Amino acid sequence: MMRSMFAGVTGLRNHQIKMDVIGNNIANVNTVGYKKSRVTFQEALAQTMRGASAPQNARGGTNPLQVGLGMTIGAIDTIHTPSSLETTGNMTDLAIEGDGFFVVTDGQERYYTRAGNFGFDEEGNFVNTSTGYKVMGWQNAQSKTPQNISTITIRKGMMMAANKTENVAFSKNLNDADEVGTSYIIPFKIFDSKGNTHNLTIIFTKTGGNAWSYSINKDPNDTDLNIERGDTGDLQFTTSGDINLDASNIDTLSITISGADNMNITLDFANVTQYARETTIDLSYQDGYAAGTLLGIAIDSSGTITGIFDNGINKELAQIALCNFDNPSGLMKAGKNMFRESANSGVPQIGFPGTGGRGSVSPGSLEMSNVDLAEEFTQMIITQRGFQANSRIITASDEMLQDLVNLKR
């Protein structure tokens, strides 16, 4: 049989495979996070009819005489070029700007994806909404290392524990022009270990040219609270109006509360001044807060999920992990917009978004397919013509064989 016929057959078969790949690319033109594939051909084995010869004396060398035996698929590559982003307005939809992959798991095996259509299931698991695979990262304030990533769970309506007040700071000015004996009463609040609010007042009284005293009193109706010590002290100021903490007498405020933990509160007056201006002194900071209920979440470009609570506190709840590979094209497609590690992809390099060559996270967006329809239709025409040309080789070879058979009648 003629070699050209078998060469034509390989051309038909492999152009058909290329058309299959093109068809799959076009079918996924609107698939979230899809990465297109590309087919490259290579020559198959060649039959050597005469080998090459070296120059001998006056005769020159001769080249080898070889006839090709068709073509074959050289590679089907996955092209991981980034694509444009589509804004969805859904905060849990995430896209990666740059290189990298989200890490998800089915409970047994890890997968890697660029499709960030995420949300929460009924148990509060952060999942891919189309597969149910759980998104991986770091939960709460655990040590953030690549080895300890886990699934992320944030329940709707979850509670934040109360935090008792441990630090109270005052700032702004006490009027230097006030006469000795002038007093200012400043109300402020503290929180106990259960999140109960307790009302206190601090009274600043001028005792000298650069000296003030303070005393802290509780609400008379608050029978559960007792101030044990540290409720009085003295503040000394320099001649330039700045506070002299070394010369001041400031003690830790110790409080006992019925049914709650004892409290030792550090008082900070470092930002209090005494200038010849109106008195503006006020509470600038206290670190206690009541228990809170989760109202919603926000996600930033670092993949940090922040909880917004009804007690006015925003708290970091989790951080999403990203990974990249030395050879992303070596990843194996696992279906459902997922990839899995292969022997030639390299190991996943897991870390924070925006570090180590990993892209940043864009919340409220999804990455579109990187399929270029103009390119795909052009390749479709080229492939179709290649298929037709190879079919003509088979037809012409068949006619030549028919002529050969017809030599004897």
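Refer to the structure printed above.
Since we're looking at a predicted model, the values are computed, not measured. (Residues numbered from 1 in each chain as written. Predicted model: local features only at pLDDT ≥ 70, side-chain atom pairs only at ≥ 80, totals over all residues. Heavy atoms only, no water.)

1. Observations concerning the nonpolar core
Step number 1: Counting residues in each nonpolar core, the largest one holds 26 residues, and the members touching the most others are Ile190, Ile202, Phe204, Ile255 and Phe269.
Step number 2: Every element with two or more residues in this core is listed here: strand 14 (167–173), strand 15 (183–191), strand 16 (197–208), strand 17 (211–218), strand 20 (253–257) and strand 21 (263–273).
Step number 3: Top element by residues in this core is strand 21. It accounts for 5 residues.
Step number 4: Residues within four places of Ile190 in sequence aside, it is in contact with Thr165, Val168, Asn196, Thr197, His198, Leu200, Leu225, Ile255, Met263, Ile265 and Gln286.
Step number 5: Among the nonpolar cores identified, the runner-up in size contains 22 residues, and Ile96, Ile154, Ile299 and Phe309 belong to it. (Core = buried A, V, L, I, M, F, W, Y, C linked by side-chain atoms within 4.5 Å. Buried < 20%, exposed > 50% of the residue type's maximum accessible area, 1.4 Å probe, protein only. Helix = DSSP H or I, 4+ residues; strand = E, 2+ residues; numbered from the N terminus. Contact = heavy atoms within 4.5 Å.)

2. Here we look at the environment of Asn14
Step number 1: Structurally, Asn14 is set in helix 1 (residues 3–27).
Step number 2: Along the sequence, Asn14 and Leu373 sit 359 residues apart, while their C-alpha atoms lie 22 Å from each other.
Step number 3: In this structure Asn14 touches Phe41, Met71, Thr72 and Ile73, once residues within four positions along its chain are discounted.

3. Describing the layout of surface pockets
Step number 1: There is about 220 Å³ of room inside the largest pocket.
Step number 2: Residue lining of the largest pocket: 13 residues in total, with Phe120, Ile154, Arg155, Lys156 and Leu294 positioned closest to the centre.
Step number 3: In terms of residue count, the dominant contributor to the lining of the largest pocket is strand 23 (residues 292–299) (4 residues).
Step number 4: When grouped by side-chain class, the residues that make up the lining of the largest pocket number 5 nonpolar, 3 polar and 5 charged.
Step number 5: What the second largest pocket holds in volume is close to 150 Å³.
Step number 6: Around the second largest pocket, the lining residues are Lys18, Val21, Ile22, Asn25, Lys36, Ser37, Arg38, Val39, Ile79, Glu375, Glu376 and Gln379.
Step number 7: The set of elements that each furnish at least two residues to the lining of the second largest pocket consists of helix 1, strand 1 (37–43) and helix 2 (373–405).
Step number 8: A per-element tally of the lining of the second largest pocket places helix 1 first, with 4 residues.
Step number 9: Residues of the lining of the second largest pocket, tallied by class, amount to 4 nonpolar, 3 polar and 5 charged. (1 Å grid on protein atoms, 1.4 Å probe; cavity = no way out; pocket = protein on both sides within 12 Å on 5 of 7 lines; lining within 4 Å. Points joined across faces, edges and corners; volume = space filled by probe spheres on them. Nonpolar A, V, L, I, M, F, W, Y, C, P; charged D, E, K, R; others polar.)

4. Looking at the packing of aromatic side chains
Step number 1: All chains considered together, the criterion is met by 14 aromatic pairs.
Step number 2: Look at Tyr184 and Trp212: their rings are 6.3 Å apart centre to centre, the planes differ by 35°, and that puts the pair in the tilted class. Of this pair, Tyr184 sits in strand 15 while Trp212 is found in strand 17, placing the two residues 28 residues apart along the sequence.
Step number 3: On the accessibility criterion, Tyr184 (23% relative accessible area) is partly exposed.
Step number 4: An aromatic cluster is present here, built from Phe170, Phe188, Phe204, Tyr214 and Phe269 joined pairwise through their rings. (Phe/Tyr/Trp six-rings, centres within 6.5 Å; stacked < 30°, edge-to-face > 60°.)

5. Focus: the sheet that holds strand 21
Sheet strands line up and pair through hydrogen bonds in the backbone, either parallel or antiparallel.
Step number 1: Pairing within the open sheet is mixed, and its 5 strands lie in the order 18-20-21-14-22. Either end of the sheet is taken by a strand with one partner, and the two such strands are strand 18 (225–229) and strand 22 (282–286). For this sheet, the mean angle separating the axes of adjacent strands, direction not counted, is 30°.
Step number 2: In the sheet, strand 14 pairs with strand 22 via 4 bridges, with the strands oriented antiparallel. Paired with Ala169 across the bridge in strand 22 is Tyr285. (Pairing = 2+ DSSP bridges. Axes fitted to C-alpha atoms, helices over the stretch in contact; angles between N-to-C directions.)

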